[in-house]
Amino acid sequence: MAPGVQYFVTALCQLTGAEEAETQFVVFQGICLILAVLYRHFLSPNKVTATTRHVVTTVLGLYIGICSFSWSICHLFLQSTVAYVLMKVMDPTRRMPQVVFVFTMGYLCVIQLRKALDNDLTSADYSTSMMIITMRITDLAYSIHDGSKEKSKVYPKHNELSIRHFPTPLEYYSYIFHFQGILIGPFCYYKDYINYIEGKDLLVHTKEDQFGKRTVANEPSALVAVLGKLACSIGMMVLVAVAGPKFPVLENASDEIVNSSIPYRIAYLLVSLKLCEMRYVLAWVLVDAICNASGLGFNGYHPNGKPKWDLVTNVHYHKYVTAVNFKQNIDSWNIGTARWLKHVCYDRVPFLKEVLTFLLSAVWHGFFFSYYWCVTTLAPLVLASRKLRRNVRPHFLHSSQSKERYDWLTRFVTVFSTPYFTVSFQLYTFHRIIKFYSGFYFIGHIIVLLILLLPNRKSIQKREPNSNEPNYVMNGLQQTEDERETSKKDL
């Protein structure tokens, strides 16, 4: 961190009693928010050229990165530069995206391995930024690869994201290092980012004034969206600051909690994990607000004419906490990462799609044992919940009241099962994970195994496949027909 910023952050920590990493994050995000407002006001697509917008957002992003990570930002610059050279010199129709993927993921793995060996659980270093940059680089490589092929030979969704004009160095570094997402994201597709820079995401019309005819973009107001997200983020920030230290999530594996009664342990698990989740949510919502303040994130209009600002939204928290099944639950969490996993892995591997997607997610996160434990539990959990839904739900569809009771039942099960399975992600070590689950006699894992061993319900009517039907895949996991119905109702 830059010396002047370090002094300010240290003084603020002493004044408030907050941790340095959290204070540093809030300070820099506050700076980014101010820059975002100024950027949209003075450098909108109607006032300056796309080149000017690229230059400013790149310079600001690099400045924020240097202030945050000091000379460690050289790792980010080296990784992105070598990847750009590989994309430039290699044939995009052949193995270019795979080579870029191996290099960027390999570089990230070296950094993550060092962090794991140092047992560094909470420090705010450049590894988080490298995770986001790795997503952008690999996604761009595959988009260039898709753009080099005939449209008829490319998956329809990939056609929409394909890049047929190779990025200039300025466009590339602007996408990689833009100040709105240099620290913790969010992830967005290259095509969406370029449309934002050039104003193509806005409605345009021709205006005639004293300077003659010119093309003008209608820029919808983001004030309501930004204020709402800021209020949500600040509210969670206060709640986490007040209650978070009283309910540390690692205490779920402590002797005191493990030896307590089952009801107390369940209550502590629910509260501590919810507060831990809020740390992620408030960060994602705050970054979303910054992007919206700069004009990034506009996604068209609602039927009532109000603008939508959810293009780079990373969490739908209301849907997450009210999900009626585990599938909806994970579909609403870390949405940007899910899109990336789907684009570079799930849609492209020929076998073991769910397992390999979860495995890539674990490697991308790092090398703590807990990430790989999650791989071995969440994939079977998704398969078990899908099987249970397919075999049980049809018995409750004879009336709306019966279906509503089924939804409430599954919502109740999801509320309690999700913390049980996902808390392992926050426990990090083998010892803590085994200690926690042995206290519950691994009951959740046993239930999942029994569900997977149960015979399938015989289908009353065999449904003929339709070659024209789109492949319903969300978050790296294929949807069943019943889940599609629920998803359509959610929309």
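These numbers were taken from a predicted model, which means no experiment stands behind them.

As for the overall build of the protein chain
Then step 1. When you go through the protein chain residue by residue, the secondary structure sums to 22 helices and four strands.
Then step 2. Going through the 491 residues of the protein chain one by one, you find that 50% of them count as buried.
Then step 3. For the protein chain, the proportion of contacts with a sequence separation of at least 24, taken over those separated by at least 6, is 68%.
Then step 4. Accessible area of the protein chain: about 24400 Å², with a carbon and sulfur share of 65%.

Here's the deal with unusual backbone geometry
Then step 1. Note that the residue after Gly185, namely Pro186, is joined by a cis bond; omega there is 15°.
Then step 2. With respect to the helices and strands, Pro186 occurs in the loop between helix H8 (169-177) and helix H9 (190-198).
Then step 3. Backbone geometry at Asn334 places phi at a positive 50°, although glycine is not the residue there.
Then step 4. Structurally, Asn334 is set in the loop between helix H14 (326-331) and helix H15 (335-346).
Then step 5. By relative accessible area, Asn334 is classed as buried at 14%.
Then step 6. Notably, Phe442 is not glycine yet its phi reads approximately 55°, a positive angle.
Then step 7. If you trace the backbone, Phe442 turns up in the loop between helix H20 (430-439) and helix H21 (443-453).
Then step 8. Judged by its relative accessible area of 25%, Phe442 is partly exposed.

So, the confidence of the model for the protein chain
Then step 1. Averaged over the protein chain, the pLDDT score is 86; the fraction of residues at 70 or greater is 88%.
Then step 2. Averaged pLDDT values over the elements of the protein chain bottom out at 35 in strand E3 (residues 473-474) and peak at 97 in H8.
Then step 3. Segment residues 460-491 is flagged for pLDDT under 50; beyond a separation of four residues in sequence, or across chains, it makes 51 contacts in the model.

Quick look at the environment of Val9
Then step 1. Here Val9 is to be found in helix H1 (residues 3-16).
Then step 2. Accessibility expressed as a relative area gives 0% for Val9, which makes it buried.
Then step 3. Separated by 14 residues in the primary sequence, Val9 and Thr23 place their C-alpha atoms 6.4 Å from one another.

Notes on empty space enclosed by the protein
Then step 1. Summed over all chains, the structure comprises four cavities of 30 Å³ or more.
Then step 2. Size it by volume and the largest cavity reaches roughly 70 Å³.
Then step 3. Lining the largest cavity, in full, are Arg40, Ser44, Pro45, Arg53, Tyr196, Asp201, Leu202, Glu219, Ser294, Gly295 and Trp309.
Then step 4. Among the residues forming the lining of the largest cavity, the class breakdown is four nonpolar, three polar and four charged.

Things to note about a nonpolar patch on the surface
Then step 1. A contiguous nonpolar patch, built from Leu409, Phe412, Val413, Val415 and Phe416 and spanning about 450 Å² of accessible area, is present on the exposed surface.
Then step 2. Structurally, Val415 is set in helix H18 (residues 400-422).

Some details on the nonpolar core
Then step 1. Formed by 80 residues in total, the largest nonpolar core has its most connected members in Met87, Tyr172 and Trp340.
Then step 2. If you tally residues by element for this core, the top one is helix H6 (residues 127-147), at ten residues.

Topic: the side chain of Thr418
Then step 1. With respect to the element layout, Thr418 can be found in helix H18.
Then step 2. Owing to a relative accessible area of 4%, Thr418 belongs among the buried residues under this scheme.
Then step 3. In this view, Thr418 contacts Tyr320, Phe326 and Asn329; residues no more than four positions away in its chain are not counted.

Comments concerning the pattern of salt bridges
Then step 1. Taken as a whole and judged by the stated rule, the model has 13 salt bridges.
Then step 2. Of the charged contacts, one joins Arg348 and Asp146 as a salt bridge, the two residues approaching to 2.8 Å between their closest N and O atoms. Of this pair, Arg348 sits in the loop between H15 and helix H16 (353-365) while Asp146 is found in helix H6, placing the two residues 202 residues apart along the sequence.
Then step 3. A salt bridge links Lys274 to Glu277, with the nearest nitrogen and oxygen atoms 3.2 Å apart. With Lys274 and Glu277 both in helix H12 (residues 262-293), this residue pair falls three residues apart, about one helical turn.

Re helix H10 (residues 223-243)
Three or four residues apart is the spacing at which side chains of an α-helix point the same way, because the helix has 3.6 residues per turn.
Then step 1. With 21 residues, H10 should reach 30 Å at 1.5 Å per residue; the first-to-last C-alpha distance of 30 Å fits that figure.
Then step 2. Within H10, the full set of buried residues consists of Ala225, Val226, Lys229, Leu230, Ser233, Met236, Val240 and Ala243.
Then step 3. Residues of H10 that are buried in the fold lie against helix H2 (20-42), H12 and helix H13 (317-321).

What about the packing of aromatic side chains?
Then step 1. The final tally for this structure, using the stated rule, is 36 aromatic pairs.
Then step 2. Judged by centre distance (6.4 Å) and plane angle (25°), the ring pair of Phe77 and Phe177 falls under stacked. Remark: Phe177 occurs in helix H8 and Phe77 occurs in helix H4 (residues 73-89); sequence separation between them is 100 residues.
Then step 3. By relative accessible area, Phe77 is classed as partly exposed at 41%.
Then step 4. Of the residues examined, Phe177 reaches a relative accessible area of 1% and is grouped as buried.
Then step 5. When the centroid spacing of 4.8 Å and the interplanar angle of 35° are considered together, the rings of Tyr320 and Trp333 count as tilted. With Tyr320 in helix H13 and Trp333 in the loop between H14 and H15, this pair connects stretches of sequence that are 13 residues apart.
Then step 6. Here Tyr320 falls in the buried class, since its relative accessible area comes to 6%.

The rules we used
Residues numbered from 1 in each chain as written. Predicted model: local features only at pLDDT ≥ 70, side-chain atom pairs only at ≥ 80, totals over all residues. Heavy atoms only, no water. Helix = DSSP H or I, 4+ residues; strand = E, 2+ residues; numbered from the N terminus. Buried < 20%, exposed > 50% of the residue type's maximum accessible area, 1.4 Å probe, protein only. Contact = heavy atoms within 4.5 Å. Areas by Shrake-Rupley, 256 points an atom, 1.4 Å probe, with all protein chains shown as cover. pLDDT = per-residue confidence, 0-100. 1 Å grid on protein atoms, 1.4 Å probe; cavity = no way out; pocket = protein on both sides within 12 Å on 5 of 7 lines; lining within 4 Å. Points joined across faces, edges and corners; volume = space filled by probe spheres on them. Nonpolar A, V, L, I, M, F, W, Y, C, P; charged D, E, K, R; others polar. Patch = residues over 30% accessible without salt bridge, like charges linked within 9 Å, V, L, I, M, F, W, Y side chains within 5 Å. Salt bridge = Lys/Arg side-chain N within 4 Å of Asp/Glu carboxyl O. Core = buried A, V, L, I, M, F, W, Y, C linked by side-chain atoms within 4.5 Å. Expected span 1.5 Å × (residues − 1). Phe/Tyr/Trp six-rings, centres within 6.5 Å; stacked < 30°, edge-to-face > 60°.

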